[in-house]
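Chain by chain, the residues:
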There are 2 protein chains.
Amino acid sequence: MTKQFTSVWLREPRQPKASGLRLDHIIGAAVELLDAEGLESLSMRKIGAKLDAGATSLYWYVANKDELLEWVLDEFWGMVEVPEPDEAPWREVLTTFAYNFRDTLRAHRWGASLIGQLPSMGPNALRLTDRLRRAYVRAGFHGIDIYLASGTVMSYVLGVVTPELAWEKTYGSVDINREEIVQMMEEVTGEGYPELMADYREVSPANPDVARAMAFDFGLLCLLDGLEHRLPGGSGERPGG
Amino acid sequence: MTKQFTSVWLREPRQPKASGLRLDHIIGAAVELLDAEGLESLSMRKIGAKLDAGATSLYWYVANKDELLEWVLDEFWGMVEVPEPDEAPWREVLTTFAYNFRDTLRAHRWGASLIGQLPSMGPNALRLTDRLRRAYVRAGFHGIDIYLASGTVMSYVLGVVTPELAWEKTYGSVDINREEIVQMMEEVTGEGYPELMADYREVSPANPDVARAMAFDFGLLCLLDGLEHRLPGGSGERPGG
DNA sequence: ACCTGAACACCGTTCAAGT
DNA sequence: ACCTGAACACCGTTCAAGT
């Protein structure tokens, strides 16, 4: 007897009456609280209060907090804009997506945490997945390579931004410059890694926002170059690919 | 009056007496509980109990739970092995790191969450950063490009694995095959994305573990190709780079 | 059908008090 | 110096009861 495979997205929606709570209002209230106060301080009680309802009333529309957050996560995916793949060259489509995704992650900092905690199977997530897939198709990938390539840019962006958010959560409100960071690292390691420290001091841009943006762009360029290289006809083509 | 820049790693350590609690034991107990029960069920009370102490005793060694987790996170970084960059070609070093990092993230599933929540500034994190940096130096990058390239592979791996862990957390214990996933997606989207669904059905490997491993490898190859392409002398070299 | 409040089993953290 | 227990202000969720 194996567990049944189910999903939030397959549940019968509750029929709201004209006045009273509604699932979309609950999700909206959750998003507003998340934007204002962050994931850690979101509680069912606060969502209820925001809607002039008891916390426990939410449980008529939602099985539990995770299920609500799964809906909220799909709202996040709905905020990430991707150009229609027919309307621009594939590198431009993916670059625009990468920058939009980065901006959305930074504007709604709870998004990255939810992506790491809950599956992304809602309609907005699937719409985005489909658009990206078509961008890779238009690039010229075939067969299984479409599938293999289709998550690369998104993974890269998520992986870059996630630790940045963690850093900013802790040190974002602190007035800090590059030199102080390096000094702190030196105190942690002793005289351990002189070249690493010299590098930070000498070559990394003094403004951390600029440094982050440049590194993001550099890596994205590498990834796109590498994808192009693996396209049929490119010199990285695999035998029988 | 700006906030002072401080860190866990700069605090004066408490002097433990011969018998009694010790910071390293507290960290060790936390890691064990994390491996056994996951991040969400870790509590100060449980850590205390595991050490035959009251939960509040921990606060002598640790300012709060986040600070303890910052130490725990550095333990995680300590588990990620990277070959010495002198001992192998740079692509091999980075490939080995990528696979090791992926394995460690999968073996200690709380790691990815902590990376997204807390800064990685401990000695193990810095040791890893330095090794990776030297791998990029050995590859042939110069000046600011060392800095710009140095996070790329790590970001990619983190971004790939993080959503996989979220998926497995929800559906990992469910007996599920590819067809059931596709059917569920079709129920969510209606007949929305026929090509996306056909692709999943026809070209993605039937075993999800195999599918994930192949996609991981493909993207890593792309990224390494793209890095190589940007090396001085490569055709992607930038003017004045 | 929808909403409520009381209640349960938890949290992280503070603090006065003990040794 | 180190550890304790009581206490505070929270959590998510269940459930019997209301309308």
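To be clear, the structure that these remarks concern was listed above.
Residues numbered from 1 in each chain as written. Chains lettered and ligands numbered in written order. Predicted model: local features only at pLDDT ≥ 70, side-chain atom pairs only at ≥ 80, totals over all residues. Heavy atoms only, no water.

Caption draft 1: Broad picture of the overall build of chain A. Each helix and strand in chain A was counted, giving 11 helices and zero strands. When the helices and strands of chain A are read in sequence order from the N terminus, they spell out α-α-α-α-α-α-α-α-α-α-α. In terms of overall dimensions, chain A has a C-alpha envelope of 65 × 55 × 45 Å along the principal axes. Within chain A, buried positions represent 49% of all 241 residues. Restricting the contact set of chain A to residue pairs at least 6 apart, pairs at least 24 apart contribute 71%. (Helix = DSSP H or I, 4+ residues; strand = E, 2+ residues; numbered from the N terminus. Buried < 20%, exposed > 50% of the residue type's maximum accessible area, 1.4 Å probe, protein only. Contact = heavy atoms within 4.5 Å.)

Caption draft 2: Highlighting the relation of the copies chain A and chain B. Mapping chain A onto chain B calls for a screw motion: a turn of 180 degrees about the axis and a shift of 0.0 Å along it, with 0.0 Å RMSD after fitting. Here the transformation between the copies is reduced to the relation of a two-fold axis. Of the residues that chain A buries at the interface, 100% are likewise interface residues in chain B, meaning the two copies contact each other through the same surface. (Least-squares fit on C-alpha atoms with pLDDT ≥ 70 in both.)

Caption draft 3: How the structure looks around the environment of R106 of chain A. Residue and element names in this part refer to chain A. The residue R106 is located in helix 4 (residues 90–107) in this model. In this structure the C-alpha to C-alpha distance between R106 and L165, which are 59 residues apart in sequence, comes to 7.4 Å. Residues within four places of R106 in sequence aside, it is in contact with V161, E164, L165, E168 and R212.

Caption draft 4: Local environment of the nonpolar core. V153 and L227 of chain A together with V153 and L227 of chain B are the most contacted members of the largest nonpolar core, which totals 163 residues. With near-sequence residues (within four places) excluded, L227 of chain B lies in contact with F218 and C222 of chain A together with W90, Y136, F141, A149, T152 and V153 of chain B. (Core = buried A, V, L, I, M, F, W, Y, C linked by side-chain atoms within 4.5 Å.)

Caption draft 5: Examining the environment of V153 of chain A more closely. Looking at the secondary structure, you find V153 of chain A in helix 8 (residues 152–171). Each C-alpha atom of the pair V153 of chain A and L220 of chain A lies 7.5 Å from the other, and the pair is 67 residues apart in sequence.

Caption draft 6: A look at the interface of chain A and chain B. Each side of the interface is counted separately: chain A has 76 residues, and chain B has 76 residues. With both chains or domains summed, chain A and chain B bury close to 7000 Å², and 72% of this area falls on carbon and sulfur atoms. For the interface between chain A and chain B, the tally reads six salt bridges. Where D199 of chain A meets R133 of chain B, a salt bridge forms, and the shortest distance between an N and an O atom there is 3.1 Å. (Buried area = accessible area lost by both parts, 1.4 Å probe. Salt bridge = Lys/Arg side-chain N within 4 Å of Asp/Glu carboxyl O.)

Caption draft 7: Spatial organisation of helix 9 (residues 178–189) of chain B. In this model, helix 9 of chain B (12 residues) spans 17 Å end to end at C-alpha, consistent with the 16 Å of a helix rising 1.5 Å per residue. Looking at helix 9 of chain B, one finds that the buried residues are I181, V182, M184, M185, V188 and T189 of chain B. For helix 9 of chain B, the angular spread of the buried residues around the axis is 160 degrees, confining them to a single face. The inward-facing, buried residues of helix 9 of chain B contact helix 6 (123–139) of chain A together with helix 8 (152–171) and helix 10 (194–203) of chain B. In the stretch just after helix 9 of chain B, G190 of chain B is the one whose phi turns positive, near 70 degrees. (Expected span 1.5 Å × (residues − 1). Arc of directions from axis to C-beta.)

Caption draft 8: Spatial organisation of the pattern of salt bridges. For the structure shown, the criterion picks out 41 salt bridges over all chains. For K169 of chain A, the salt bridge identified is with E40 of chain A, shortest N-O distance 2.8 Å. With K169 of chain A in helix 8 and E40 of chain A in the loop between helix 1 (23–37) and helix 2 (44–50), this residue pair connects regions lying 129 residues apart in the sequence. With a closest N to O distance of 3.0 Å, R91 of chain B and D225 of chain B form a salt bridge. In this pair, R91 of chain B is assigned in helix 4 (residues 90–107) and D225 of chain B in helix 11 (residues 208–229), connecting sequence segments 134 residues apart. With relative accessibility at 22%, the residue R91 of chain B sits in the partly exposed group. The buried category is assigned to D225 of chain B, whose relative accessible area is 11%. Taken together, the shared-partner salt bridges in this structure form one network comprising R102, R106, R109, E164, E168, D209 and R212 of chain A.

Caption draft 9: The packing of helix 8 of chain B against helix 11 of chain B, seen in detail. Residues and elements named next belong to chain B. It is the contact of helix 8 with helix 11, at a shortest axis distance of 10 Å, that shows an interaxial angle of 165 degrees. In terms of orientation, helix 8 lies roughly antiparallel with respect to helix 11. When you trace helix 8 past helix 11, the crossing you get is right-handed. The segment helix 8 lies against helix 11, with T152, V153, Y156, V157, V160, E164, W167 and E168 engaging R212, A215, F216, G219, L220, L223, L224 and L227. Residue composition of the contact of helix 8 with helix 11, grouped by class: 11 nonpolar, two polar and three charged. (Axes fitted to C-alpha atoms, helices over the stretch in contact; angles between N-to-C directions. Parallel < 35°, antiparallel > 145°, perpendicular 65-115°, else oblique. Left-handed = near helix turned anticlockwise from the far one by under 90°. Nonpolar A, V, L, I, M, F, W, Y, C, P; charged D, E, K, R; others polar.)

Caption draft 10: Representation of helix 11 (residues 208–229) of chain A in the model. Taking 1.5 Å as the rise per residue, helix 11 of chain A with 22 residues should run 32 Å; its terminal C-alpha atoms sit 31 Å apart, in good agreement. For helix 11 of chain A, the N-terminal capping position is held by N207 of chain A, with its side-chain oxygen 2.8 Å away from the main-chain nitrogen of D209 of chain A. (Polar contact = N/O pair within 3.5 Å; in protein donor to acceptor, adjacent residues only side chain to side chain.)

Caption draft 11: Expanded view of unusual backbone geometry. All names here are of chain A. Not every positive phi belongs to a glycine, and D52 is a case in point at roughly 55 degrees. Tracing the sequence through the fold places D52 in the loop between helix 2 and helix 3 (65–79). Residue classification places D52 among the exposed positions, given a relative accessible area of 76%.

Caption draft 12: Broad picture of the packing of helix 4 of chain A against helix 6 of chain A. All names here are of chain A. Relative orientation of the contacting elements helix 4 and helix 6 amounts to 150 degrees, with a least axis distance of 9 Å. By the criterion of interaxial angle, the relationship of helix 4 to helix 6 is roughly antiparallel. Between helix 4 and helix 6 lies a crossing of left-handed hand. The segment helix 4 lies against helix 6, with W90, V93, L94 and F97 engaging L128, L132, A135, Y136 and A139.

Caption draft 13: Looking closely at the packing of aromatic side chains. Under the criterion given, the structure shown has 22 aromatic pairs over all chains. Summarising the aromatic geometry, the rings of F141 of chain A and F218 of chain B are spaced 6.2 Å apart at their centres and angled 70 degrees between planes, so their arrangement reads as edge-to-face. Of the two residues, F141 of chain A sits in the loop between helix 6 and helix 7 (144–149) while F218 of chain B sits in helix 11, which places them in two different chains. For the pair F141 of chain A and F218 of chain B, a shared accessibility class is recorded, and that class is buried. (Phe/Tyr/Trp six-rings, centres within 6.5 Å; stacked < 30°, edge-to-face > 60°.)

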